[in-house]
Amino acid sequence: MLQELYVRHFVLIDELRLQLDGGLHVLTGETGAGKSLVLDATRAILGGRVSGNAASDGSPAVVEAVFDIETNEAADRLLASWGIDHSGEIVVSRTFHSNGRAQNRVNGRSVTVQMLRELGDTLVELQDQHESVALMTAPYQRRLLDLYGQHEELATSCADAYRAWQEALRLLREAQVSERERAQQIDLYALQVRELEEAGLRPGEEEELRAERDRLKRERQIAESLAQMAALLDDGRSGAIARLHEAERMAGALSASSDRADEIATLLETARVHAEEASFMLHRFLSRLSHDPARLDEIEERLAMIRSLSRKYGSTTEEMLAHLERARAQLEAWSKHEDRLMQLQAEVEGREAAYRAIADRLHEARVRAAKSLGEAISSSLARLSMAHAECEIEVRPRVDAPTEHGWDEIRFLFRANPGQPLMPLQKVASGGELSRMLLAVKVVIANLERTETLIFDEIDQGVSGEAALRVAEMLRELGQDKQVICVTHAPQVAAAGHVHYLVAKESEADRAISRVARLDDDGRIQEIARLLGSDLSDETARVHARALLESFRRQST
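Residues numbered from 1 in each chain as written. Predicted model: local features only at pLDDT ≥ 70, side-chain atom pairs only at ≥ 80, totals over all residues. Heavy atoms only, no water.

K.L.:
Which residues make up the side chain of threonine 95, and what values go with them?
P.N.:
Tracing the backbone shows threonine 95 in strand β5 (residues 89–96). With residues up to four places along the chain from it excluded, the contact list for threonine 95 reads Pro60, Ala61, Val62, Arg101, Ala102 and Gln103. (Helix = DSSP H or I, 4+ residues; strand = E, 2+ residues; numbered from the N terminus. Contact = heavy atoms within 4.5 Å.)

K.L.:
Which residues make up the environment of leucine 303, and what are the values?
P.N.:
With respect to the secondary-structure elements, leucine 303 resides in helix α11 (residues 293–313). Along the chain, leucine 303 and glutamate 527 lie 224 residues apart, while their C-alpha atoms are 96 Å from each other. In contact with leucine 303, other than residues within four places in its own chain, are Glu206, Leu209, Arg210 and Arg213.

K.L.:
Would you mind going over the packing of helix α15 (residues 431–445) against helix α16 (residues 465–481) in detail, with residue names and values included?
P.N.:
Here α15 crosses α16 at 25 degrees, and the two axes come no closer than 11 Å. By the angle between their axes, α15 is roughly parallel relative to α16. Seen along the crossing, α15 lies across α16 with a hand that is left-handed. On α16, the residues touching Arg436, Leu439, Ala440, Lys442 and Val443 of α15 are Ala467, Val471, Met474, Leu475, Glu477 and Leu478. Residues that form the contact of α15 with α16 fall into these classes: 8 nonpolar, no polar and 3 charged. (Axes fitted to C-alpha atoms, helices over the stretch in contact; angles between N-to-C directions. Parallel < 35°, antiparallel > 145°, perpendicular 65-115°, else oblique. Left-handed = near helix turned anticlockwise from the far one by under 90°. Nonpolar A, V, L, I, M, F, W, Y, C, P; charged D, E, K, R; others polar.)

K.L.:
Residues and numbers for the packing of aromatic side chains, please.
P.N.:
One pass over the full model with this rule turns up 5 aromatic pairs. Taken together, a centroid distance of 5.9 Å and an interplanar angle of 90 degrees make the contact between tyrosine 162 and tryptophan 165 edge-to-face. You can see tyrosine 162 and its partner tryptophan 165 sitting in helix α6 (residues 152–175), 3 residues apart, about one turn around the helix. When the ring of tyrosine 355 is compared with that of tryptophan 407, the centres are 5.9 Å apart and the planes differ by 85 degrees; the resulting orientation is edge-to-face. In this pair, tyrosine 355 sits in helix α13 (residues 337–383) while tryptophan 407 sits in the loop between β9 (390–397) and β10 (408–415), placing the two residues 52 residues apart along the sequence. Of the two residues examined, tyrosine 355 and tryptophan 407, each falls in the buried class. Here the aromatic cluster, defined as three or more aromatic residues joined through ring pairs, consists of Tyr162, Trp165, Tyr355 and Trp407. (Phe/Tyr/Trp six-rings, centres within 6.5 Å; stacked < 30°, edge-to-face > 60°. Buried < 20%, exposed > 50% of the residue type's maximum accessible area, 1.4 Å probe, protein only.)

K.L.:
I'd love a proper account of helix α18 (residues 521–532), names of residues and values included.
P.N.:
Under the 1.5 Å per step criterion, the end-to-end length of α18 is 16 Å for 12 residues, consistent within 8% with the ideal 16 Å. Of all the positions in α18, only Gly523, Arg524, Ile525, Glu527, Ile528, Ala529, Leu531 and Leu532 are classed as buried. Measuring from the side-chain oxygen of the N-cap residue of α18 to the backbone nitrogen of aspartate 522 gives 3.3 Å; that N-cap residue is aspartate 520. (Expected span 1.5 Å × (residues − 1). Polar contact = N/O pair within 3.5 Å; in protein donor to acceptor, adjacent residues only side chain to side chain.)

K.L.:
Lay out the side chain of lysine 442 with the relevant residues and their values.
P.N.:
You can see lysine 442 is positioned in helix α15. Here glutamate 125 takes part through its side chain, which lies 3.4 Å from a polar atom of the side chain of lysine 442.

K.L.:
Can you explain the layout of surface pockets? Please cite residues and give values.
P.N.:
If you add up the space inside the largest pocket, you get close to 1000 Å³. Elements supplying a minimum of two residues to the lining of the largest pocket: α3 (113–123), β8 (124–127), α5 (138–148) and α6. For the lining of the largest pocket, the element with the highest residue contribution is α5, accounting for 6 residues. Considering only residue class, the lining of the largest pocket consists of 9 nonpolar, 6 polar and 14 charged. (1 Å grid on protein atoms, 1.4 Å probe; cavity = no way out; pocket = protein on both sides within 12 Å on 5 of 7 lines; lining within 4 Å. Points joined across faces, edges and corners; volume = space filled by probe spheres on them.)

K.L.:
Got a sec to walk through unusual backbone geometry? Specific residues and values, please.
P.N.:
In this structure, histidine 9 takes a positive phi of about 55 degrees despite not being glycine. Its place among the elements puts histidine 9 in strand β1 (residues 2–10).

K.L.:
Can you tell me about the packing of helix α2 (residues 73–82) against α3, naming the residues and giving the values?
P.N.:
Pairs of packed helices are described in terms of their axes, by the angle between the two and the distance that separates them. At a minimum axis separation of 8 Å, α2 and α3 run at an interaxial angle of 155 degrees. As far as their axial angle goes, α3 and α2 are roughly antiparallel. Judged by the twist between their axes, the crossing of α2 over α3 is left-handed. Here Ala74, Ala75, Leu78, Leu79 and Trp82 of α2 lie close against α3, whose contacting residues are Met115, Glu118, Leu119, Thr122 and Leu123. For the contact of α2 with α3, the class distribution of residues is 8 nonpolar, 1 polar and 1 charged.

So, in structure tokens, the structure goes:
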């Protein structure tokens, strides 16, 4: 229940604080005084759209509401899912800046506009002229019937079953291909499997081959260098060892005639011996090298093959092996495609049967509830000075395909007078009749709706005299179990209120400001007298206004 509404710098409202209780609260005032602004502020709290100029004079506009949710299980579950704690009471606030930015909070926690809308649906039911129009639409009428019949859980199951059926149909349609396409897919995946299996790839193989290739290339370079050194030492008569041997022989021939030649011969002999030892070590090193040119060529060919496959199946051997597994699975699936089609067809048939079973139950429940709802609405209309009006709820099979809402076409049929044919509501009801129809519906389903607060914006539009009095009585009756807030121009409705607020526009510092005041008895009599019209003298109007007030007070005792 809405306990308090605080508004500051919101369009024409400078500052407003309303303390609210249970019962019927009425707001009246001259046309243009700003009654709709109070509802606009309430819509804002519920996540409604707000115009960009909500902030007046550049000051931030603030709208804040306190709700008692002690017994509101839907709101409690929603807040719990968001991790917002409360002690049976929540504060919802929105702040609007002149640059279009806004902050939304619930108990100090920032929330989105969408979250406010979801929360608002559990807190307040706001009825305006748009809902009178919505009453004529098939979706609205269907929801009303399901709410009245308490079919909402069954309707949800029906929607779930329908979506499951449609998903199975989608999978079946995707799987249904021509035999030619199936053969093409089998050939494609068979080729991929054969190519990858023949390659015999191993995880990490490419890295191993690259490492082995680099090692073999290094060994080849070493072997080539060693072979060149051995050739320089051992190349027949031109090799270093042969030349040193010849120089040693020549020095030895001169040693008989020169001591220096003998020393040179000794040094040359030492050099030759070292060269021979180096040659021996070179050949031994060469013999131990595992350089294998054929293996290097084999590795290069293997790497080239892997690179070729990677352009088609993945950049690494791991990715290519994963593709191989997918291709095998696809090949098996396409090879067993007929079996898969049979499975999918069976799935479709099973889910369709499940949907039809639930839709049948929903249809039967709707048919039972339709008769009772039509009679209840007709009874409420009779109390609203429409004694001969009749409402009948028609539930018939749809002429087109089933939907997630079942296969029922639901229509609210109406006639205002006897002898007239029952016709769809949208074709025959006037504006005043629609307003009373909406009120009649709200009275019928009042105890079924989860919200504790009902707000009506000129529900009495197009209604006057005795009919307006009956509307007033019904609104006051609603206020016995619900909190009802109503903007009205009807003196009867104003008199029916348990609490009466007057909205007035004043000029202040060259600026129009809307103010809201709670009226005492004298104030109520004066305002109701104004609503009664200028065709009555002031005193007569006041007497009539006082009588209206007293009549409703007597009804409550």
